[in-house]
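In case you want the letters, here they are:
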Amino acid sequence: MSIFDNIKRNLEKVSDYLSLTNAEKELLLSHKRITKATLNINGKVYEAWRIIHNDALGPAKGGIRFHPNVCEDEVKSLSFWMSLKTSLAGLPYGGAKGGVKINPKELSEEELEKVSRAYIRAFHEFIGEDKDIPAPDVYTNPKIMGWMLDEFEKIKGRHEPGMITGKPLELGGCVLRGDATSKGGKIILDLFLEEEGKSPEKTNVVIQGFGNAGMNIAKMLHDAGYNVIAVSDSKGGIVDKTGLDIEKVIKTKKETGSVTQYPKAEKISNKELLELETDVLILAALENQITKENAENVKAEVILELANGPVTSEADDILHERGIVVIPDILANAGGVIVSYCEWCQNKTGHIFSKDYMEKILEEKLTQAFRKTYDLYKEQKRFSMRNAAYAIAIRRILDAEKARGNLD
Ligand code: GLU
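Rules of the game
- Residues numbered from 1 in each chain as written.
- Predicted model: local features only at pLDDT ≥ 70, side-chain atom pairs only at ≥ 80, totals over all residues.
- Heavy atoms only, no water.
- Helix = DSSP H or I, 4+ residues; strand = E, 2+ residues; numbered from the N terminus.
- Rg over C-alpha atoms; globule rule 2.2 N^0.38 Å.
- Buried < 20%, exposed > 50% of the residue type's maximum accessible area, 1.4 Å probe, protein only.
- Areas by Shrake-Rupley, 256 points an atom, 1.4 Å probe, with all protein chains shown as cover.
- Lys, Arg positive; Asp, Glu negative; His and termini not counted.
- Charge placed at Lys NZ, Arg CZ, Asp CG, Glu CD.
- Near = heavy atom within 4 Å.
- Polar contact = N/O pair within 3.5 Å; in protein donor to acceptor, adjacent residues only side chain to side chain.
- Nonpolar A, V, L, I, M, F, W, Y, C, P; charged D, E, K, R; others polar.
- Pairing = 2+ DSSP bridges.
- Axes fitted to C-alpha atoms, helices over the stretch in contact; angles between N-to-C directions.
- Core = buried A, V, L, I, M, F, W, Y, C linked by side-chain atoms within 4.5 Å.
- Contact = heavy atoms within 4.5 Å.
- Phe/Tyr/Trp six-rings, centres within 6.5 Å; stacked < 30°, edge-to-face > 60°.
- Lys NZ or Arg CZ within 6 Å of the ring centre and 35° of its normal.
- Salt bridge = Lys/Arg side-chain N within 4 Å of Asp/Glu carboxyl O.
- 1 Å grid on protein atoms, 1.4 Å probe; cavity = no way out; pocket = protein on both sides within 12 Å on 5 of 7 lines; lining within 4 Å.
- Points joined across faces, edges and corners; volume = space filled by probe spheres on them.

Visitor: What's the story with the overall build of the protein in this structure? I'm lost.
Guide: For the protein, the count of helices and strands is 14 helices and 13 strands. Over its C-alpha trace the protein gives a radius of gyration of 20 Å, about what one expects of a compact globule, namely 22 Å for 408 residues. Along the longest, intermediate and shortest principal axes, the C-alpha atoms of the protein span 55 × 55 × 45 Å. For the protein, the residues scored as buried account for 59% of the 408 residues in total. Accessible surface computed for the protein: about 16700 Å², of which carbon and sulfur atoms make up 47%. Put simply, the protein has 57 plus and 62 minus side-chain charges, and the middle of one group is 2 Å from the middle of the other.

Visitor: Hey, could you run me through the site of the ligand in this one?
Guide: Taken together, 14 residues lie around the ligand, and Lys-61, Lys-85, Pro-136, Asp-137 and Ser-340 are the ones closest in. The contact in question runs from an oxygen atom of the ligand to an N or O atom on the side chain of Lys-85, over 2.6 Å. Between the ligand and the protein, one listed contact pairs an oxygen atom with a side-chain N or O atom of Lys-97 at 2.9 Å. Protein chains shield 95% of the accessible area of the ligand, which is 290 Å² for the free molecule. When residues of the shell around the ligand are traced back to their parent elements, those giving at least two are α3 (72-88) and α12 (335-349). Sorting elements by how many residues they give to the shell around the ligand places α12 first, with three residues. Residues of the shell around the ligand, tallied by class, amount to four nonpolar, five polar and five charged.

Visitor: Looking at this structure, how should I read the sheet that holds strand β10 (residues 266-268)?
Guide: The strands that make up a sheet pair up through hydrogen bonds in the backbone, lying either parallel or antiparallel. Taken together, seven strands build an open sheet; the order of strands is β10-β9-β8-β7-β11-β12-β13 and the sheet is mixed. The sheet terminates laterally at β10 and β13 (325-327), the two strands that pair on one side only. The mean angle between the axes of side-by-side strands here comes to 20 degrees, regardless of whether they run parallel or antiparallel.

Visitor: Please clarify how the nonpolar core should be interpreted in this entry.
Guide: General note: in soluble globular proteins, nonpolar side chains tend to be found buried as a group. Counting 90 residues, the largest nonpolar core has Phe-192, Val-231, Ile-282, Ile-327, Met-385 and Ile-394 as the members making the most contacts within it. With 11 residues, the top contributor of residues to this core is helix α14 (residues 385-403). The residues touching Ile-394, leaving out its near neighbours within four places in the chain, are Leu-11, Val-14, Leu-18, Leu-20, Leu-28 and Leu-84.

Visitor: Would you take a moment to explain the packing of aromatic side chains for this structure?
Guide: Remark: the centre distance and the inter-plane angle together describe each pair of aromatic rings, the angle taken between the planes. Tallied over the full model, the rule gives 11 aromatic pairs. Judged by centre distance (6.2 Å) and plane angle (45 degrees), the ring pair of Phe-80 and Tyr-390 falls under tilted. Remark: Tyr-390 occurs in helix α14 and Phe-80 occurs in helix α3; sequence separation between them is 310 residues. Classification of Phe-80 by relative accessible area gives buried; the value is 0%. For Tyr-390, a relative accessible area of 1% gives the class buried. Between Tyr-93 and Tyr-341 the ring centres are 6.0 Å apart and the planes differ by 85 degrees, which places this aromatic pair in the edge-to-face class. With a gap of 248 residues between them, Tyr-93 in the loop between α3 and β5 (94-101) and Tyr-341 in helix α12 connect regions that are remote in the sequence. Each member of the aromatic cluster is reached from another via a ring pair, and the members are Phe-192, Phe-370, Tyr-374 and Tyr-377. Over the face of the ring belonging to Phe-4 we find Lys-76, whose NZ or CZ atom lies 5.1 Å from the ring centre.

Visitor: Honestly, the pattern of salt bridges in this entry has me stumped. Any pointers?
Guide: A side chain of one charge can pair with a side chain of the opposite charge when the charged atoms of the two come close. Applying the stated criterion to the full structure yields 39 salt bridges. One salt bridge in this structure joins Arg-371 and Glu-195, with 2.8 Å as the shortest N-O distance. Of this pair, Arg-371 sits in helix α13 (residues 355-379) while Glu-195 sits in helix α6 (residues 180-195); the two residues are 176 residues apart in sequence, bridging distant segments of the chain. You can call Arg-371 partly exposed: its relative accessible area is 32%.

Visitor: Could you clarify how one ought to interpret empty space enclosed by the protein in this entry?
Guide: In the structure shown here, the tally under the stated rule is one cavity of 30 Å³ or more. In this structure, the largest cavity occupies an estimated 80 Å³ of space. Considering the residues around the largest cavity, the lining is formed by 13 residues, among which Asn-6, Asn-10, Trp-81, Gly-309 and Val-311 are closest to the centre. At the level of secondary structure, the elements contributing two or more residues to the lining of the largest cavity comprise α1 (3-18) and α14. The element contributing the most residues to the lining of the largest cavity is α1, with four residues. Among the residues making up the lining of the largest cavity, the classes are represented as five nonpolar, six polar and two charged.

Pasting the structure below:
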């Protein structure tokens, strides 16, 4: 099943509740603009995409991913999730995503800069602070956003810092952006566990993925008293049921390139890590990690999706049946795009917000999104939290389409 097939299947689960018409389904399952280019760097050709799913609520928003597995199906799916994420968070944005099929780990810094600038030369017509606003995603970072802004402004002959978010601070970036996804994930997890009457001290956590999102949330949860018992990266995992010393694990990762080099824990495979007994399993890597193949073996009580799309639609049904709650990506990882929104507001207006004010916005927007989702999830007995989040997000998009006169 393709990633977008999973989305179609998930949409069906809320179709009756929302009384979706065929026209509405067709609109939700189509993309406003699919653009594709080939980037020619030093004689090698790389495929690249920028895809807008929907922009009824405002300019499209979403990151750019550099990864060897990037393909059109993935970018289409990621752009759909961005539409739902920005809608659920109550932001004035639509959803988009971009990607380059490339392995950035094999590139020199000079080549990486060439790819970043070539990407903007290929897609600049379709990007802008009131059209479509990129940001970092898997294997892209503030430095890349800085090159992209520079290339864009050179082409246009004027400044427009709001055309991209997640920039370096010197170029109008935002202090909170670096660890915003993790901060948001922690806010949502805290809210959920509070509802369930569970305290951090009594909560064991397993984290798959130790990139920006996984590493930062590991540190935040550890500092807040949670017991992080296992973590992994692309090379494998480590487990210590008494709790890992996260500061030291981070040091090991930075020095050796992998958490598996941490000497004081048992080594496990990624597969084993997903099947560990734990209160919370945080998925902070890539899509399709829990599928119908391994969903029966998951022993976590709660799954927090910090990555986009790590649990497939079929796996969702199995987990729901087994009483395992999945806190969905469009809620759990919305912290990144909420802080991107603060950055964009500052760039557009020239105002400079205090850190406290932006933290307040992050907290407020996430709390509102959580409350709405949790309440509907509790009210609709058959619903998973994903169904509830999808229903709320989709309704807001369709209402905007109706207000525009695009739907009856
Ligand atoms: N790439 C991030 C996401 O998937 C952030 C997007 C943004 O800040 O626009 O949510």
